[in-house]
Amino acid sequence: MTVLQEPGLLGMSADEAAARLASDGPNELPTARRRTLSRQAWEVMRQPMLLLLLGAGLVNFLLAEPLDGVTLLSFVVVVIGISIYQEHKTENALAALRDLSSPRALVVRDGTQVRVAGRDVVRGDVVLLTEGDRVPADAVVVDAVNLSVDESALTGESVPVRKAPAGSHDAAGGARRSTEGGTDAGEVSRMGRPGGDGTPWVFSGTLVVRGRGIAEVCHTGADTELGRIGSALREIAPARTPLQREVDRLVRVIAVVGVVAAVTVVVLYGSTRGRWMEGLLAGIATAMAMLPEEFPVVLTVFLALGAWRISQKHVLTRRSAVIEALGSATVVCVDKTGTLTMNSMSVRQLVVGGSVHTLDGGPLPEAFHALAEFLALASPVDPFDPMDKAFREVADTQLAGSEHDHPDWELLREYPLCEDLLAMSHVWRSPDSSNYVVAAKGAPEAIADLCHLAPRQHAALMEDVRCATGSGQRVLAAARARFSDARPLPTEQHDFDFELLGLAALHDPVRPGVPQAVAECARAGVRTVMITGDYPGTALAVAREVGLDTDAGVITGPDLEAMSDDKLARRVSAVSVFARTVPEQKLRLVRALQATGEVVGMTGDGVNDAPALRAADIGIAMGARGTDVARESAALVLTDDDFTSIAAGIRQGRGIYANLRKAMAYILAVHVPIIGMSLVPLLVADWPLVLMPVQIAFLELIIDPACSIVFEAEEVDPTIMDQPPRRPGEPVFGRSVIAVSALQGLSVLAGVLGVYLWTLASDRPAEVVRSVTFTTLVAANLALILVNRSWRLSIGRTLRERRNAALPWVLGAAVVLLTALLTVPPLREAFDLGPVGLLDVAVAVVVGLAGVVWFEVYKVLSPR
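The rules we used
Residues numbered from 1 in each chain as written. Predicted model: local features only at pLDDT ≥ 70, side-chain atom pairs only at ≥ 80, totals over all residues. Heavy atoms only, no water. Core = buried A, V, L, I, M, F, W, Y, C linked by side-chain atoms within 4.5 Å. Buried < 20%, exposed > 50% of the residue type's maximum accessible area, 1.4 Å probe, protein only. Helix = DSSP H or I, 4+ residues; strand = E, 2+ residues; numbered from the N terminus. Contact = heavy atoms within 4.5 Å. pLDDT = per-residue confidence, 0-100. Salt bridge = Lys/Arg side-chain N within 4 Å of Asp/Glu carboxyl O. Pairing = 2+ DSSP bridges. Axes fitted to C-alpha atoms, helices over the stretch in contact; angles between N-to-C directions. Parallel < 35°, antiparallel > 145°, perpendicular 65-115°, else oblique. Nonpolar A, V, L, I, M, F, W, Y, C, P; charged D, E, K, R; others polar. Phe/Tyr/Trp six-rings, centres within 6.5 Å; stacked < 30°, edge-to-face > 60°. Lys NZ or Arg CZ within 6 Å of the ring centre and 35° of its normal. Left-handed = near helix turned anticlockwise from the far one by under 90°.

A. Examining the nonpolar core more closely. In this structure, Phe 643, Tyr 666, Leu 691 and Phe 774 are the most contacted members of the largest nonpolar core, which totals 99 residues. Here this core takes 15 residues from helix α23 (residues 643-679), the largest share from any one element. Other than its neighbours up to four places away in sequence, Tyr 666 contacts Ile 702, Ile 703, Ala 706, Cys 707, Phe 711, Asn 781, Leu 784, Ile 785 and Asn 788.

What follows is the structure, given as structure tokens:
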């Protein structure tokens, strides 16, 4: 048997599959268990900031100040709670992404083909395998056409092995189909080992490299061959991204400086004031002020939750580094069919001998019946491809019940498409004929080759093709042949004597929103390049419809093949339409664009697209129609195969990076006054300290949620796509970012220091000086949050135009806690604060806000 008999398969019922999934568990390899609450708390407590808080609490107990010690330890509990909450959000986002990006499998349930997550495949499932699929579980092949599988992941042998249906496998122990349509239970347990040619067994994790087949699942999860190989379960730690390495370097530098400063403070305080234990507290406070523990936390939260937010735009992020690359993309190369267009084909015209018939719902003239008949015969019995569905629909509506309808014919053999001949043929046997009937369809050039057309006939055919493709239609040709059943079928299609029947022109409408998305990308400095296997006329017509630049014309696959690399690099910077290309040429286009300095995004769905997807700066695989190989080679996966999702992903990626930069800038800015007010009071022996560990711990309760929750939840700037792409390699801490952050921090420090000196000059008690100065610092902290939400809009406009669900909670909690510290005597005493009047609070708030006023003016003068 060489033909897939898909229509007769019923598969399992949905209820049976659900019951078996519940009893056997999901089809996935064992993974590390999620960490317990106690394990998470222990790992958080090992962070330097928490260790410093614990040390400060211990010192306070040694100084016979148990209230301060208890207060600091309570902060340890609160910080642990915040850290676990942030980590929980991050783990949930990553877990959801793993579920979304897990391999998919096409199974038959209740007689219907459905695509399910690989983890939901169960024993007994009937799985349909096609070229480029990952085998989801260990299974027995029950039907196949030219099926070959790469089992190198299990055997180490790089040569693919051929697979034969179980019924034709003559080795002992081969699985056989039972009369009920399943594999015998005794045979299931006797699955063979990987490797060997002509076996009926396929194994989880291996790759279908050719043909297609039907298999029945025997083992899932840990019971598969892959599940029994311990070494195959070890995950390779992902490499650090450029952004992560940049943050790592910054954290190391600041941490070293902080340790040196802390030691210096302890020595200075102890030697000038003679109180070494208090000096140790001051040193701990200095280290806490300078320790940049927020940077790695923010980076982790932003990348994890950012990937989740992008997934809401139908774009799965398989590698976090791509979020950095999205903001630098300058060119996006996309396939036409299914990405720019709907991939829902309908036959618009039939062409026979120069006569054209437009299908408008009326009856089909007799002269076109043979063409419609053989287009359907050359298509799969149960079509999945939109073009095949369109041909079947014409035959079902126009030829049903006529002499051109053949429900009783038997399909004997299929000759698939290949790279050398873009045509396929089906061989049929009629019950009342002694000859085989052969139906072929494919690219007009390929069919012309099969029919051995004379030059004049070939020219006439190509003129018909040119006329049909000029309006954006896709054109295929059909042919027929007869072959005596007394002879064995040939190995190649060329051995048949084909007769040309005519052409079929199909229309594939442009997806809604694509012209707007192309225009949005153009405004953002991202050029859209269309790559298609269609004719130049079709490609140009669709390109004009979606708004691509067609002034430079079109480059065809043969033209591209004849160009040198230098000439292609010159042409590719202007040409936006490539037609009659093959997948292998995508890689050359990627390299040519990169040679001109472009940051390239490339879409693909087939096995042959994998090299281009890996070579591109942003590989984008199709989730709905793409192969597993393409998805594994790509950095992004479109779950809806829609170009508008690419534009949305670029917009969201730019927004994530912009918010990350604002969060990092805020962290730099807010630490300047904290460090300053930790060090300045040490310059004069009788000046009271403002920031002790307990005060810095309170500030951290504001800083941590602000930088990781508030800024992450910030809406994407509506003008983000009106800005040019970010330069490749541009650091998040560029000169302008560092300069603005430093100026923000220094201006806030000047205001806080001014209030400190003002209260000192008015002979206030040390506790009151600390209260007013600390209130100013908290107010300035909140002002920095508000001013950094947008580097373009004023605080007022940002509050009106940008919704941020986390902002009111963070601001409200800070105000409530600060009010409690200033008005509740036990809390005030625990924080070494004194009573303040309304005038003091008003001065503190005004000065705190005034410290960032200059940046509001800067926004007006430099709106970019």
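B. Representation of the confidence of the model for the chain in the model. Of all residues in the chain, 80% have pLDDT values of 70 or greater, and the mean over the chain is 79. Here residues 169-189 is a poorly scored stretch, pLDDT under 50, and it has 35 contacts once near neighbours within four places are set aside; other chains count. Contacts from residues 230-238, a stretch scored under 50 in pLDDT, to residues over four places away or in other chains number 5 contacts.

C. Local environment of the pattern of salt bridges. Tallied over the full model, the rule gives 23 salt bridges. Salt-bridge contacts for Arg 651 lead to Glu 520; the nearest nitrogen and oxygen are separated by 2.7 Å. Pair noted here: Arg 651 is in helix α23 and Glu 520 is in helix α16 (residues 514-523), with a separation of 131 residues, a long-range link. A residue is classified by how much of its surface remains accessible, and Glu 520, at 13% relative accessible area, is buried. Notably, a salt bridge pairs Arg 764 with Asp 840, separated by 3.0 Å at the nearest N-O pair. With Arg 764 in the loop between α25 (735-761) and α26 (766-788) and Asp 840 in helix α30 (residues 838-850), the pair connects residues that are 76 residues apart, well separated along the chain. Its relative accessible area of 26% is what places Arg 764 among the partly exposed residues. Its relative accessible area of 9% is what places Asp 840 among the buried residues. One continuous salt-bridge network, built from bridges that share partners, spans Asp 335, Lys 586 and Asp 609.

D. Quick peek at the sheet that holds strand β20 (residues 600-604). Spatially, 8 strands are ordered β8-β22-β21-β20-β9-β17-β19-β18 in an open sheet, and the strand pairing comes out mixed. Looking at the sheet topology across the chains shown, the edges are occupied by β8 (315-317) and β18 (555-556). Strand direction decides the pairing type here: β20 and strand β21 (residues 618-622), joined by 4 bridges, are parallel. Paired with Gly 604 across the bridge in β21 is Ala 621.

E. Structural detail: unusual backbone geometry. Positive phi values are uncommon outside glycine, yet Asp 110 reaches one of about 55°. With respect to the helices and strands, Asp 110 occurs in the loop between β1 (104-109) and β2 (112-117). The phi angle at Arg 580 is positive, at roughly 55°, despite the residue not being glycine.

F. Examining the packing of helix α19 (residues 565-572) against helix α20 (residues 584-595) more closely. Contact pair α19 / α20: the axes reach a minimum separation of 9 Å and the direction vectors enclose 75°. What the angle tells us is that α19 and α20 run roughly perpendicular. Seen from α19, the contacting residues are Asp 565, Leu 568, Ala 569 and Val 572; seen from α20, they are Arg 588, Leu 589, Ala 592 and Leu 593. Partitioning the contact of α19 with α20 into residue classes produces 6 nonpolar, no polar and 2 charged.

G. Up close: the pairing of strand β9 (residues 331-335). Burial analysis of β9 places 5 of its 5 residues in the buried class, the great majority of the element. Burial along β9 is two-sided: Val 331, Cys 333 and Asp 335 and Val 332 and Val 334, pointing in opposite directions, are all buried. Bridging between β9 and β20 involves 3 bridges; their strand directions are parallel. In the sheet register, Cys 333 faces β20, and the bridge partner there is Met 602. Examined bridge by bridge, β9 and strand β17 (residues 527-531) share 5 bridges and lie parallel to one another. Residue pairing for β17: Cys 333 is matched across the bridge by Val 529.

H. Molecular detail of the packing of aromatic side chains. In this structure the tally under the stated criterion is 9 aromatic pairs. Relative to Phe 711, the ring of Tyr 666 lies with its centre 5.5 Å away and its plane at 40°, an arrangement referred to as tilted. Here Phe 711 lies in the loop between α24 (693-710) and α25 and Tyr 666 lies in helix α23, a separation of 45 residues in the sequence. Ring centres of Phe 855 and Tyr 858 lie 5.4 Å apart, and the angle between their planes is 15°; on these two criteria the pair is classed as stacked. Of this pair, Phe 855 and Tyr 858 both sit in helix α31 (residues 853-861), 3 residues apart, roughly one helical turn. Grouping aromatic residues by their ring pairs yields a cluster made of Tyr 415, Phe 483, Phe 496 and Phe 498. Positioned over the ring face of Tyr 535 is Arg 580, at 3.9 Å from the centre of the ring. Lying across the ring of Tyr 657, Arg 726 places its NZ or CZ 3.9 Å from the centre.

I. Main features of the packing of α25 against α26. Where α25 contacts α26, the axes come no closer than 9 Å and their chain directions differ by 160°. In this view, α25 runs roughly antiparallel relative to α26, as classed from their interaxial angle. Of the two elements, α25 crosses α26, and the hand of that crossing is right-handed. Judged by residue contacts, Gln 744, Val 748, Val 752, Val 755, Tyr 756, Trp 758, Thr 759 and Leu 760 of α25 engage Val 769, Val 772, Thr 773, Thr 776, Leu 777, Ala 780, Leu 784, Val 787 and Asn 788 from α26. Along the lines of polarity and charge, the residues of the contact of α25 with α26 split into 12 nonpolar, 5 polar and no charged.

J. Examining the sheet that holds strand β11 (residues 355-358) more closely. Taken together, 7 strands build an open sheet; the order of strands is β11-β10-β16-β15-β14-β13-β12 and the sheet is antiparallel. Edge strands, defined here as strands with exactly one partner in the open sheet, are β11 and β12 (410-415). Taking each pair of neighbouring strands and ignoring which way they run, the sheet shows an average axis angle of 25°. Both strand β14 (residues 435-442) and strand β15 (residues 474-484) contribute to a ladder of 8 bridges, which runs antiparallel. Residue pairing across strands places Val 438 opposite Ala 481, the latter belonging to β15. In the packing of helix α12 (residues 369-377) onto the sheet, contacts are made with β10 (346-352), β13 (423-429), β14, β15 and β16 (499-507), and the angle to β16 comes to roughly 80°. Its contacts with the sheet put helix α15 (residues 455-469) on β10, β15 and β16, and the angle it makes with β16 is roughly 10°.

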